[in-house]
Amino acid sequence: YIPLGGNRSNLKTRTYFNLILVMLVAGIWHGAAWGFLVWGLAHGLLLVIQRLFSSFSKPKFTFADVKAIRIAPFLMKVALTNAFVFTLWIVFRNPNPEVFLNIFNRILNREPGVFELSDVLLVVEMLVLTILIDSLEVAWQKKPEIRSWLSSRPYLVGILVGTLVLLSMTFQSSDVVPFVYFQF
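Residues numbered from 1 in each chain as written. Predicted model: local features only at pLDDT ≥ 70, side-chain atom pairs only at ≥ 80, totals over all residues. Heavy atoms only, no water.

Draft legend 1. Just helix α4 (residues 97-108), in detail. The terminal C-alpha atoms of α4, which comprises 12 residues, lie 16 Å apart, in line with the 16 Å expected from a rise of 1.5 Å per residue. Where α4 starts, the residue carrying a side-chain oxygen 3.0 Å from the main-chain nitrogen of E98 turns out to be N96. (Helix = DSSP H or I, 4+ residues; strand = E, 2+ residues; numbered from the N terminus. Expected span 1.5 Å × (residues − 1). Polar contact = N/O pair within 3.5 Å; in protein donor to acceptor, adjacent residues only side chain to side chain.)

And the structure:
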């Protein structure tokens, strides 16, 4: 990205081209299959869309603004980002276009056994977990009073970390899944 000029070009289109090209190369780096190419291209396009919308959006959410009106767009951005990333994981994990298109078709047609309520609950749980971790990290870095309050209550930190670990364990697959880079 940097040797291409990064974002230092006077032309925004050059920056957008650089983002798409770098993500396309990152997709190809993961493997020689159409799915990896689609995965990289989609990530590049999503980065361009994010750049386009961020230039029109208002200042970013800060924890000083605790009004629901300011938190809602922030949470929507996080939820949308995660939805796109989770969707592209299907493409990444199944790089054969016939397979990932079949999976999307079965999900969109609500075929029984493909995307049940338990799957939706897992996705919601993952979103909540992601938002919780991100919020705690930002609060820890930006708000010294929160850092000192949590530091004085190590038992609460232990409960929070334990809860995060237990929630994370629910995502563990019961099948042995080979490491993606050992499949080449």
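Draft legend 2. Spatial organisation of the confidence of the model for the chain. In the predicted model, the chain carries a mean pLDDT of 77, and 73% of its residues have values of at least 70. At the level of individual helices and strands, the chain shows its lowest average pLDDT in helix α5 (residues 117-142), which scores 74, and its highest in helix α2 (residues 34-54), which scores 90. (pLDDT = per-residue confidence, 0-100.)

Draft legend 3. Main features of the nonpolar core. In this structure, F36, W39, A42, L88, V91, F92 and F100 together form the largest nonpolar core, which totals 7 residues. When residues of this core are traced back to their parent elements, those giving at least two are α2 and α3 (68-93). (Core = buried A, V, L, I, M, F, W, Y, C linked by side-chain atoms within 4.5 Å. Buried < 20%, exposed > 50% of the residue type's maximum accessible area, 1.4 Å probe, protein only.)

Draft legend 4. Just the packing of aromatic side chains, in detail. Counted according to the given criterion, the structure contains 4 aromatic pairs. When the centroid spacing of 5.1 Å and the interplanar angle of 75° are considered together, the rings of F36 and F92 count as edge-to-face. Within this pair, whereas F36 is found in helix α2, its partner F92 is found in helix α3, the two being separated by 56 residues in sequence. This pair shows no difference in class: F36 is buried, exactly as F92 is. Their ring planes at 40° and their centres at 5.0 Å tell us that F86 and W89 sit as a pair that is tilted. Of this pair, F86 and W89 both sit in helix α3, separated by 3 residues, roughly a single helical turn. Grouping aromatic residues by their ring pairs yields a cluster made of F36, W39 and F92. (Phe/Tyr/Trp six-rings, centres within 6.5 Å; stacked < 30°, edge-to-face > 60°.)

Draft legend 5. Summary view of the packing of helix α1 (residues 12-30) against α2. Where α1 contacts α2, the axes come no closer than 7 Å and their chain directions differ by 155°. Taken together, the axes of α1 and α2 lie roughly antiparallel to each other. Like other packed secondary-structure pairs, α1 and α2 cross with a definite hand, here right-handed. Together, T15, Y16, L19, I20, M23, L24, A26, G27, I28 and H30 of α1 and F36, L37, W39, G40, L41, H43, G44, L45, L47, V48, R51 and L52 of α2 make up the contact between the two elements. When its residues are assigned to classes, the contact of α1 with α2 shows 15 nonpolar, 6 polar and 1 charged. (Axes fitted to C-alpha atoms, helices over the stretch in contact; angles between N-to-C directions. Parallel < 35°, antiparallel > 145°, perpendicular 65-115°, else oblique. Left-handed = near helix turned anticlockwise from the far one by under 90°. Contact = heavy atoms within 4.5 Å. Nonpolar A, V, L, I, M, F, W, Y, C, P; charged D, E, K, R; others polar.)

Draft legend 6. Geometry of the side chain of H43. Checked against the element boundaries, H43 lands in helix α2. The class of H43 is buried, set by a relative accessible area of 17%. Here W39 takes part through its backbone oxygen, which lies 3.0 Å from a polar atom of the side chain of H43. Contact partners of H43, with chain neighbours within four places excluded, come to M23 and L88.

Draft legend 7. Region of interest: the pattern of salt bridges. Evaluated as defined, the whole model comprises 1 salt bridge. The salt bridge involving K143 is made with E145; its shortest N-O contact spans 3.8 Å. On the accessibility criterion, K143 (22% relative accessible area) is partly exposed. What makes E145 partly exposed here is its relative accessible area of 47%. (Salt bridge = Lys/Arg side-chain N within 4 Å of Asp/Glu carboxyl O.)

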